[in-house]
Amino acid sequence: MVSLIQHPEKLLRPGVSGSVNQYTGEVVYIYAFDVAYEMMRLPVRELLGQPVAQFSVDASKRSPKQLFFYRPQMVRLPPLERIGPRGPLRLERVVKLLPVGALSITVSVPFEVARIADLVVYHDLQFSNGALHHEVRHLAEEICRELSPYLVRPIAQLAEEEAYTVFCVESPLRTQDGDPISAEDWLKVHRRQVASLLTQEPDIDHLSRQEADESTGRYLSYYEHDLVVIDWDAALIMDEPQNFDETLYVMELANLQLAELEAYDRILDEALDRSYRDLGEQPLRRKGDVLRELREIRVDLARLSDELSNITKFFGDWHLARIYENISARFHLTDWHRTIDEKLKTLDNLYQLLQHDQSNRWMLMLEATIVLLFIVDLILLFMGLKG
């Protein structure tokens, strides 16, 4: 749902006030890491001293019965206590393991603020002893070391993580008098504040109307009291607390797909650069090595790309499908898939070119052998007649 509202105060329902008593909820930080070519299809019993379980989520709104292709393994780690920008914080951490050779780490931090603008400091969370993303990266490295027996062709060094921040606000919102507020009506009044939060802009007055409309342009609402506003770097969810998980998981999967697509793109770039360089070399043995390597890369990436696409299978006009469609559009996942497909086609053309070149060599060698045998036969025939 995309709308540009010039005068939001005129569109509020009669008697509805935009003044909210307080905002409570949690900020969820989602981090995706590509860690290996793939993971073995074996159950992990324990991770970092904690039992591993199968993750599942129940949908409360219209959604397919078979939500997801993958049901990842999940482990809930012990909570941590940190000193944040507004005092002591309690961090809840969850790790999910996916067979495509990736892991997703989510960190939840509760909040209770008087204004939406007070949440801006939670966007890039800093502690008294460092930043959250540094701790998460160290945790990911520790997980990779423990999971090494399950990883197939693990990467030598973790690349930069793909991070996404989600502000989950408990609903229904209520006014100072205790009256409930419609989520869409609230957004019409607080559109600039929400845009400031999602873009991590502390000064609302510096944000243009165009940027505010663009940042909050993709929003969805199912019930009167729920709302999902999706931007490139962050999102806002307004719903009852028990319904957060289903929307968060859709966002988590899209964020993981983005991280994997970026990893595939790096692999393809390296393979193409190496292929262009090797194709210019002359030794025949080297050509055979390049041909074999190109064939392996084609098969591997084609299979992984197909598995990655199957992580989410949404058909129809389901609410969760619309959320996934909007966040995938924000992440430009279709463009990433198109770019990778084009590079795979280029790699396939190189493979065909090299294979054709090698076939021509074999044909040339075969023809030269036939000619040589014909000459030998003539020589033997001539020597026989002369004798």
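The preceding data block contains the structure.
On a predicted model such as this, the values are computed, not experimentally measured, just so you know.

Colleague: Give me the packing of aromatic side chains: which residues, what numbers.
Modeller: Considering all chains together, one arrives at 6 aromatic pairs under this definition. Relative to Tyr249, the ring of Phe55 lies with its centre 4.6 Å away and its plane at 55°, an arrangement referred to as tilted. Here Phe55, found in the loop between strand S5 (53-54) and strand S6 (73-84), pairs with Tyr249, found in helix H5 (residues 244-279); they are 194 residues apart in sequence, far enough to count as distant. On the accessibility criterion, Tyr249 (2% relative accessible area) is buried. Measuring from centroid to centroid gives 5.7 Å for Trp232 and Phe331, while their planes differ by 90°, and the two rings are edge-to-face.

Colleague: Quick one: what's the story with the sheet that holds strand S17 (residues 234-239), residue by residue and with numbers?
Modeller: Strand order in the open sheet made by the 9 strands is S5-S6-S7-S8-S1-S12-S17-S16-S15, with mixed pairing throughout. Lying at the two open borders of the sheet, with one neighbouring strand each, are S5 and strand S15 (219-220). Pairing of strand S16 (residues 227-230) with S17 involves 4 bridges; the strand directions are antiparallel. By the bridge assignment, Leu227 is partnered in S17 with Met238. Contacting strand S12 (162-170), S16 and S17, helix H3 (residues 191-198) crosses the sheet at an angle of about 130° to S17.

Colleague: Talk me through the side chain of Thr165; I want residue IDs and the actual numbers.
Modeller: Here Thr165 is to be found in strand S12. In this structure Thr165 comes out as buried when scored by relative accessible area, which is 8%.

Colleague: Give a description of the pattern of salt bridges that names residues and reports values.
Modeller: Going through the model one piece at a time under the given rule, you end up with 16 salt bridges. The shortest N-O distance in the salt bridge between Arg137 and Glu161 comes to 3.7 Å. With Arg137 in helix H1 (residues 132-146) and Glu161 in the loop between strand S11 (151-154) and S12, the pair connects residues that are 24 residues apart, well separated along the chain. The exposure class assigned to Glu161 is buried, which follows from its relative accessible area of 11%. Sharing partners across several salt bridges, the network here consists of Glu81, Arg90 and Glu92.

Colleague: Provide a residue-level description of H3, including the pertinent values.
Modeller: Of all 8 residues that make up H3, 6 are buried, and the element is covered over most of its length. Along H3, the residues that are buried comprise Arg191, Val194, Ala195, Ser196, Leu197 and Leu198. The inward-facing, buried residues of H3 abut S12, helix H2 (183-189), helix H4 (209-215), S16 and S17. Just beyond H3, the residue with positive phi is Gln200, at close to 60°.

Colleague: Describe the side chain of Ser196, listing the residues and the values that go with them.
Modeller: Note that Ser196 resides in helix H3. Residue classification places Ser196 among the buried positions, given a relative accessible area of 2%. Here Glu201 takes part through its backbone oxygen, which lies 2.2 Å from a polar atom of the side chain of Ser196. What Ser196 contacts, discounting residues up to four positions off in sequence, is Val120, Glu201, Pro202, Ile204 and Leu207.

Colleague: Would you mind going over the environment of Leu147 in detail, with residue names and values included?
Modeller: Along the chain, Leu147 falls in the loop between H1 and S11. The sequence separation of Leu147 and Val35 amounts to 112 residues, and the corresponding C-alpha distance is 9.8 Å. Every residue in contact with Leu147, bar those within four places of it in the chain, is listed here: Val44, Leu47 and Leu97.

Conventions adopted
Each chain carries its own residue numbering, running from 1 in the direction its sequence is written. Side-chain atom pairs in this predicted model are given and counted only at pLDDT of 80 or more, local residue features only at pLDDT of at least 70, and totals for whole chains, interfaces and linings cover all residues. The basis for every side-chain value is the complete set of heavy atoms in the structure, and neither hydrogens nor water enter the calculation. Centres within 6.5 Å are what make two rings of Phe, Tyr or Trp a pair, Trp counting through its six-membered ring; a difference in plane orientation under 30 degrees is then read as stacked, over 60 as edge-to-face, and the rest as tilted. Helix and strand labels come from DSSP, where a helix needs a run of H or I of at least four residues and a strand needs a run of E of at least two; each type is numbered from the N terminus. Three exposure classes are used, based on accessible area relative to the maximum for each residue type with a 1.4 Å probe and protein chains only: buried under 20%, partly exposed in between, and exposed over 50%. What makes two strands pair is DSSP finding at least two bridges between them. Contacts are assigned to residue pairs with any non-hydrogen atoms lying within 4.5 Å of each other. Axes here refer to lines fitted to C-alpha atoms; in helices the fit is confined to the stretch in contact. Angles between the N-to-C directions go from 0 to 180 degrees. When a carboxyl oxygen of Asp or Glu is within 4 Å of a side-chain nitrogen of Lys or Arg, the pair counts as a salt bridge. N or O atoms within 3.5 Å of each other form a polar contact, as long as, within protein, one can give a hydrogen and the other can take it, and as long as residues adjacent in sequence are counted only when both atoms are side-chain atoms.

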